[in-house]
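Examining the three-dimensional arrangement
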Amino acid sequence: MHRYAELLVHALEMAGVEVRLTRPTPVFGCLKRGDGGISKWLGYVDRFLLFPPLLRWRAKSFDLVHIADQGNGMYASMLGNTPSVLTCHDMLAIRSALGEVPENPTRWTGRVLQGWTLRGLKRAAYVVCVSEQSQREWLRISSPAKGGTSVVPNALNYPYRPMGQAERKARLDRLGVGDGSYILHVGSNNWYKNRSGLVRIFDSLVQRETFREFRLVIAGQALQSETANWLQAHGHGARLIQTGPVDDEDLRALYSGAALLLFPSLQEGFGWPIVEAQACGCLVATTNRAPMTEVGGQGAIYFDVSDACGAAAAIAEAWSDRVTLISRGLENAKRYTTEAMIAGYVDAYRAVGSGKHRSESA
């Protein structure tokens, strides 16, 4: 989200909008060791005790405050008379706190925090959702009596495009991927990324002759031990390559060299890897649920994530049409431009400034 905010600032400045980025300054957070336990609470002191008075004071000199992440929704109630536009990337944490996601139970402290976040979201003058699916969930859960909303899809946060063969080979060699066909997954071990489903689909896929020699490359957070052990137990230990965190150019090389991006998420707010892969000319196979279907358009293979064998069958069936799908994916990725995103946000700012809070898709 820090990177997303910085993208917004740069693009808005290029569009002639006066903008200033403000965020909590680590004070107690500098004492953190890790992300859990007391470290998490030290970060909360910075976010919820020290920062709000500063934010309220700074907000007085601006016409509008744009809160770039729904996780900071509580700030909408701390701005005095300054109106706010808020970007809602997803409602997953709030839905979990409401008990709608049994796969992700929330402790009472999390329920308190998400309740506070939701109350703040409802105070925003305008909520921009990054996908139609996120907007549907926002409207269903919040039932806002006032305030506008629109859909403004994310832009690519890096100029992803196909990488030339020589540079790609050098980067893949350095990452330990080397030559040979591979299926790529980009993500984390968050429950909704469905990595247990990922390895089962891969297992079903490589039992087919066309995919028998394929390897599985994991970019980002390493697989949890039980998931990696499952692959090992099913005879795929030698097929697994885990690169760890990668920079944008390494990720571009991975997308450009992959035979397929396998993205079996259970839920998403948007699903950036789908469009990133498409922009690099990589075939995408993902879940047949929104927003994945919304983001991937006509340039992806879709499957039922609850059926690993069926997912492998869907991929195999579409394989002969992959050139067409890649071409459609490249075209689809052109929709996600910074210019289109900023135009949508400027419309939201104008709606708030004019007092005409519209509900529309952009």
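Note that the coordinates shown come from a computational prediction; the quantities given were computed from them, not determined experimentally.

1. Quick notes on the environment of I301
- Along the chain, I301 turns up in strand 10 (residues 301-303).
- Judged by relative accessible area, I301 falls into the buried class, the value being 4%.
- The residues touching I301, leaving out its near neighbours within four places in the chain, are L283, V284, A285, T286, A314, I315, A318 and L325.

2. Quick word on the pairing of strand 8 (residues 260-263)
- Along strand 8, one buried face is formed by L260 and L262 and the opposite face, lined by L261 and F263, is buried too.
- Pairing between strand 5 (residues 182-187) and strand 8: 2 bridges, direction parallel. In the strand pairing of strand 8, L184 is matched with L261.
- Note that strand 8 and strand 9 (residues 284-287) share 3 bridges and pair parallel. The partner of F263 across the bridge, within strand 9, is T286.
- Handedness of the strand 8-helix 10 (residues 272-279)-strand 9 crossover: right-handed.

3. Section: the pairing of strand 4 (residues 148-151)
- Alternating residues of strand 4 divide into G148 and S150 and T149 and V151, and every residue in both groups is buried.
- The sheet contact formed by strand 3 (residues 126-129) and strand 4 spans 4 bridges and is parallel. The residue bridging C129 from the neighbouring strand is V151, located in strand 4.

4. A word on a nonpolar patch on the surface
- Residues V27, F28, L49 and L50 make up a contiguous nonpolar surface patch of roughly 360 Å² in combined accessible area.
- With respect to the helices, strands and loops of the structure, L50 is situated in helix 2 (residues 37-59).

5. What about the pattern of salt bridges?
- Applying the stated criterion to the full structure yields 13 salt bridges.
- A salt bridge links E100 to R140, with the nearest nitrogen and oxygen atoms 2.9 Å apart. Pair noted here: E100 is in the loop between helix 3 (92-97) and helix 4 (108-123) and R140 is in helix 5 (residues 132-142), with a separation of 40 residues, a long-range link.
- Judged by its relative accessible area of 29%, E100 is partly exposed.
- Since its relative accessible area comes to 47%, R140 is described here as partly exposed.
- Across the salt bridge formed by E268 and K193, the nearest N and O atoms sit 2.7 Å from each other. Taken as a pair, E268 in the loop between strand 8 and helix 10 and K193 in the loop between strand 5 and helix 7 (195-205) lie far apart in primary sequence, 75 residues in all.
- Judged by its relative accessible area of 10%, K193 falls in the buried class.
- One continuous salt-bridge network, built from bridges that share partners, spans R95, E100, E137 and R140.

6. Considering the packing of helix 7 against helix 12 (residues 308-318)
- Two elements in contact, helix 7 and helix 12, have axes separated by 8 Å at closest approach and are oriented at 55°. On the basis of the axis angle, helix 7 is oblique to helix 12. Of the two elements, helix 7 crosses helix 12, and the hand of that crossing is right-handed. Of helix 12, the residues touching helix 7 (which contributes R200, I201, S204 and L205) are A308, C309, A311, A312 and I315.
- Looking at the contact of helix 7 with helix 12 residue by residue, the classes come out as 7 nonpolar, 1 polar and 1 charged.

7. Comments concerning the confidence of the model for the protein chain
- Of the residues in the protein chain, 94% have a pLDDT of 70 or more, and the chain-wide mean is 92.
- pLDDT under 50 marks residues 356-362. Its contacts with residues more than four places away, or in other chains, come to 23 contacts.

8. Comments concerning unusual backbone geometry
- Going from A290 to P291, the amide bond is cis rather than trans, its omega being 5°.
- With respect to the secondary-structure elements, P291 resides in the loop between strand 9 and helix 11 (292-296).
- Not every positive phi belongs to a glycine, and N194 is a case in point at roughly 60°.
- Mapped onto the secondary structure, N194 falls in the loop between strand 5 and helix 7.
- The buried category is assigned to N194, whose relative accessible area is 9%.

9. Let's talk about the environment of H89
- In this fold, H89 is placed in the loop between strand 2 (84-88) and helix 3.
- Between the C-alpha atoms of H89 and Q135, which are 46 residues apart in sequence, the distance is 9.1 Å.

10. Focus on the sheet that holds strand 6 (residues 215-220)
- Pairing is parallel in the open sheet, where 6 strands are placed in the order 7-6-5-8-9-10. Each edge of the sheet is formed by a strand with only one pairing partner; in this case those strands are strand 7 (240-244) and strand 10. Strand-to-strand twist of the sheet, defined as the mean angle between neighbouring strand axes without regard to direction, takes the value 25°.
- Here helix 7 sits on the sheet in contact with strand 5, strand 6, strand 8 and strand 10, set at roughly 160° to strand 6.

11. A few points about the side chain of S142
- Examined against the element boundaries, S142 turns out to sit in helix 5.
- A polar atom in the side chain of S142 sits 2.6 Å from the backbone oxygen of W138.

12. A few points about helix 5
- Residues of helix 5 that are buried: Q133, S134, Q135, E137, W138, I141 and S142.
- Taken from the residues just after helix 5, S143 is the one with a positive phi, measuring 45°.

Quick notes on the rules
Sequence order sets the numbering: in each chain, residues are counted from 1 along the sequence as written. In view of the model being predicted, local features appear only for residues whose pLDDT reaches at least 70, and side-chain atom pairs are presented and counted only at 80 or more, with totals across whole chains, interfaces and linings using the full set of residues. Computation of side-chain values: all heavy atoms of the structure, hydrogens and water removed. Per the convention used, a helix needs a DSSP run of H or I reaching at least four residues, while a strand needs a run of E reaching at least two, with both numbered from the N terminus. Burial classes: relative accessible area under 20% of the type maximum marks a residue as buried, over 50% as exposed, and values in between as partly exposed (1.4 Å probe, protein chains only). Whether two residues touch is decided by their heavy atoms; if any such pair falls within 4.5 Å, the residues are in contact. For two strands to pair, DSSP has to find at least two bridges joining them. Clockwise travel from the first strand over the helix to the second, with the strands pointing away from the viewer, marks a crossover as right-handed. Candidates for patches are residues over 30% relative accessible area with no salt bridge; among them, like charges are joined within 9 Å and nonpolar side chains (Val, Leu, Ile, Met, Phe, Trp, Tyr) within 5 Å. Only the protein chains shown count as cover for residues, with accessible areas throughout obtained via the Shrake-Rupley method and a probe of 1.4 Å. When a carboxyl oxygen of Asp or Glu lies within 4 Å of a side-chain nitrogen of Lys or Arg, that pair is called a salt bridge. Interaxial angles span 0 to 180 degrees and are taken between N-to-C directions of axes, which are lines fitted to C-alpha atoms, for helices over the stretch in contact. Under this scheme an angle from 65 to 115 degrees is roughly perpendicular, one under 35 degrees roughly parallel, and one over 145 degrees roughly antiparallel; angles in between are oblique. Left-handed is the label given to a crossing in which the near helix is rotated counterclockwise from the far helix by less than a right angle, and right-handed is the label when the rotation is clockwise. Any residue that is not Ala, Val, Leu, Ile, Met, Phe, Trp, Tyr, Cys, Pro, Asp, Glu, Lys or Arg is counted as polar, Gly included; the first ten are nonpolar and the last four charged. For every residue, the predictor states its confidence as a pLDDT score lying anywhere from 0 to 100. Side-chain atoms alone can form a polar contact between residues adjacent in sequence; in general such a contact is a pair of N or O atoms within 3.5 Å, and within protein one must be able to donate a hydrogen while the other accepts it.

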